[in-house]
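What the coordinates show
Below, each chain spelled out in residue letters.
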Amino acid sequence: MLSSYAKREWLTVLAIGLMLSITLIVVQLWWLLIVVAIVTVAVLSFFRDPDRRVPLQRGVVVSPADGRISSVHRIDQFEPFGEPATCIRIFLSVFNVHVNRCPCHGMVESIAQQPGRYLNALNPSSAEVNQATLVVLSHPVRRCPVAAVRQVAGMLARTIVCDATVGETLQRGQRFGMIKLGSTTELYLPQSLSPEVLVQQGQKVYAGLTVMANVTTPQDRSASPSVAIDEKTDKPARRVAAKG
């Protein structure tokens, strides 16, 4: 399945590929036809959007993007939360799925566009200075922060799509946008939820599938922050980062 967020792009690629293929068939340049077919399929794969089985355990936070963990660090004061936060940074290569998904159930509290540069995402400073979109999520009832996702542009990935709207309630694993052709996505978790990070630098993660952390949900602050509870059984859930 190809992403609706990039429908214009993949329709253009498909149309060009078909026109070139027909032309090459007419002139019987079979070897070049094979090259065009391979390139067309490769470019179309940039816009793929596979379905995912989202974990159902309460208190788990899933990855907002496909890619590889490039950093896990603490921020002493994250202004949108008004408190310290844990940041998990994900690097997306051109070979990864580029659709972003909501890490947890929450209401979109704010969406901020951050102007910036277009440095190569391999440059460590690019996540700080590149153009970005920050989506802050809060508890639908208590309105306290529960997570934030920052979509960061790159040298090639200059188009950030954010389909969410302020006041909208998103479900865990729900699609809300896309960064076209690879870049960086950052997940922020407030310290008040006592996040227990379950991934490490260098690990591959998958949007809506890999469990990034266990947190204490606002309604269960008195419970142990390191235990995720299965919503169906009310028993501790097994803490395993899913792969797929």
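In the block above lies the structure referred to throughout.
Attention in this report is confined to the structure presented alongside it. (Residues numbered from 1 in each chain as written. Predicted model: local features only at pLDDT ≥ 70, side-chain atom pairs only at ≥ 80, totals over all residues. Heavy atoms only, no water.)

With that settled, consider the overall build of the protein. Per the secondary structure count, the protein includes three helices and 14 strands. The proportion of buried residues among the 244 residues of the protein is 48%. When contacts within the protein are restricted to residue pairs at least 6 apart in sequence, long-range pairs at least 24 apart make up 70% of them. In the structure as shown, the protein presents an accessible area of about 12,200 Å², 58% of it carried by carbon and sulfur atoms. (Helix = DSSP H or I, 4+ residues; strand = E, 2+ residues; numbered from the N terminus. Buried < 20%, exposed > 50% of the residue type's maximum accessible area, 1.4 Å probe, protein only. Contact = heavy atoms within 4.5 Å. Areas by Shrake-Rupley, 256 points an atom, 1.4 Å probe, with all protein chains shown as cover.)

Here we come to the sheet that holds strand 14 (residues 211-214). Each strand in a sheet pairs with another by means of backbone hydrogen bonds, the pair being arranged parallel or else antiparallel. Here three strands make up an open sheet; going across it, the order is 1-14-12 and the pairing antiparallel. The outermost strands of the open sheet, each flanked by one partner alone, are strand 1 (60-62) and strand 12 (196-197). In this sheet, strand 14 lies alongside strand 12 in antiparallel orientation, the contact comprising two bridges. Of the residues in strand 14, the one forming a bridge with Val197 is Ala213. (Pairing = 2+ DSSP bridges.)

The subject of this paragraph is helix 2 (residues 30-45). Between its terminal C-alpha atoms helix 2 stretches 23 Å, which fits the 22 Å expected from 16 residues at 1.5 Å a residue. All of the buried residues in helix 2 are Leu33, Val36, Thr40 and Leu44. For helix 2, the angular spread of the buried residues around the axis is 65°, confining them to a single face. Facing away from the buried side of helix 2 by more than 90 degrees, the exposed set consists of Trp31, Ile34 and Ile38. Close packing links the buried residues of helix 2 with helix 1 (7-27). (Expected span 1.5 Å × (residues − 1). Arc of directions from axis to C-beta.)

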